[in-house]
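Overview (structure and organization)
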Amino acid sequence: MSSEAFKAITLDRILAGRNLWEAMKKVQANKGSPGVDGMKTEELKEYFFENPGKLTAMIRQGEYRPLPIKRVYIPKDNGEQRPLGIPTVIDRFVQQAVALVLSKEYEKLFKDMSFGFRPNRSCRLAVRRAMEHVKDGYMWVVDLDLRKFFDTVNHSKLIQLLSDRIEDGRVVSLIHKFLRAPICEEGKVGKPNTIGTPQGGVISPLLANILLHELDEKLESKGVRAVRYADDAVLFAKSRKAAERLLEWVTDFIEQKLFLKVNAEKTKILRIGDPEVQFLGFSFTSQVSKKRRERYPTYRYFPVVHRKKMLKLKEKLKQITDRRAPGGIERVKRELKLTLRGWVNYFYKAIPAKWAERTDQWLHRRVRQIYWKQWKRPAKRREEFKRRWKNAPALHEYAYSSNRYWRMSKGVQIHMALSLDILLKEGWYDLGKAMREASRRPA
């Protein structure tokens, strides 16, 4: 690639009015929590009206210093805690302005095997590319795991890669300031950061792609089939021995040239079809419907939601449909809809139909259990039954039953009063409805 493109990455272009306006709109649209200074995203525009030119002048004069990054933790699937860094709104804005310019130029450089945090690319496209490699006979995968990638990015290596391409040293210096911002945890500010790029920073995913682009280039030069989504990568081979050689070579490159660490315990060599294969929440199976097989006659294996993701969803639904309905039934409905719609939008077409049907039956029963507990008194139960079921018989002992809520939620009477049609009319949401909606959206 011509170096002309990287001559276009200048501080003047980053601080141009149009670019700053675009950065402001993105930060406001993304919302997010306040950083250490407490400023909210809604206050960003007001700040610039009150302080016109102050921030850009500080950046041009080299006086701008990012504030400490607020650290919070979110739970991971394995029970561990994932650290997230929350920069202040002003720092997010500056990072966004830099990222917009860098992204436009680096997009001309990035390889086709890279899908994460790039425009017009998605997890779905990454999985589709993986399936193309499988279709071509690459049945063995190296499921590569980089140990605490974002926490272990080597600053010197990253700055060297940026300096090799970006001629305006002020831009590189500004990025270095982002990397060096200290962490604030429980009100205590640490020393300037010397390693890693905090997850949560606007520019962190782009910097990750810039660093791992070196890996992509090497893989391409060796003719290796691979798909990468940020630090989540799978490499393909036609035999186990080839996969073993590939793992040995790529481990050496990553550790010796990029100064990252391959997690030997989690990195695996697996054959497509093994239930342990997981890429971006998908596994691959040959056990699909006749209709799906006829639609894609050249495929032997197809993406399907990994069982761990199905179990995780069910656990989440169980929490949402707590029979005590904390916050009220309307809150439960809203949270259920948001969860199911987001999950189906991500996994649509890879969701096993029979599993979805069974899960919905279980979910409907949990909703009926909520109502039975909420109604409490026999008179209330009779009233609610009559309201929903015009020809409801006299409930007698049924309304007075002291049996467990879960047992009562299975009864014929409550199924009639709270049929699926009635639940949907009353605003309840399930996998079936989410999947029907997804099928009507443009591909």
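Refer to the structure printed above.
Fair warning: this is a prediction, and the values are worked out from it, not measured in the lab. (Residues numbered from 1 in each chain as written. Predicted model: local features only at pLDDT ≥ 70, side-chain atom pairs only at ≥ 80, totals over all residues. Heavy atoms only, no water.)

1. Let's talk about the packing of helix α16 (residues 353–375) against helix α17 (residues 378–388)
- In the contact formed by α16 and α17, the axes pass within 8 Å of each other and the chain directions differ by 130 degrees. When the axis of α16 is compared with that of α17, the two are oblique. Between α16 and α17, the contacting residues are Y371, W372 and W375 on the first element and K380, R381, E384, F385 and R388 on the second.
- Partitioning the contact of α16 with α17 into residue classes produces four nonpolar, no polar and four charged. (Axes fitted to C-alpha atoms, helices over the stretch in contact; angles between N-to-C directions. Helix = DSSP H or I, 4+ residues; strand = E, 2+ residues; numbered from the N terminus. Parallel < 35°, antiparallel > 145°, perpendicular 65-115°, else oblique. Contact = heavy atoms within 4.5 Å. Nonpolar A, V, L, I, M, F, W, Y, C, P; charged D, E, K, R; others polar.)

2. Points about the nonpolar core
- Within the largest apolar cluster, 137 residues are counted, with the highest numbers of intra-cluster contacts made by F93, L102, Y106, L162 and W343.
- The biggest single contributor to this core is helix α6 (residues 89–106), with 11 residues.
- With sequence-adjacent residues up to four places away left out, L162 is seen in contact with L102, Y106, V172, I175, L207 and I210. (Core = buried A, V, L, I, M, F, W, Y, C linked by side-chain atoms within 4.5 Å. Buried < 20%, exposed > 50% of the residue type's maximum accessible area, 1.4 Å probe, protein only.)

3. Here's the deal with the pairing of strand β7 (residues 232–237)
- Buried residues dominate β7, accounting for five of its six residues.
- Direction of pairing for strand β3 (residues 140–144) relative to β7: antiparallel, over a ladder of five bridges. Bridging from a neighbouring strand, V142 pairs with L235 of β7.
- Relative to β7, strand β6 (residues 225–229) runs antiparallel, the two being bridged by five bridges. Across the sheet, the residue bridging to A226 is L235, located in β7. (Pairing = 2+ DSSP bridges.)

4. Considering helix α15 (residues 329–347)
- Its 19 residues place the ends of α15 27 Å apart at the C-alpha level, agreeing with the 27 Å of an ideal helix rising 1.5 Å per residue.
- Summarising the contacts, the buried residues of α15 are in contact with β9 (282–285), β10 (302–305), α14 (307–320), α16 and α22 (431–440).
- Once α15 finishes, K349 follows within two positions and takes phi at roughly 80 degrees, a positive value. (Expected span 1.5 Å × (residues − 1).)

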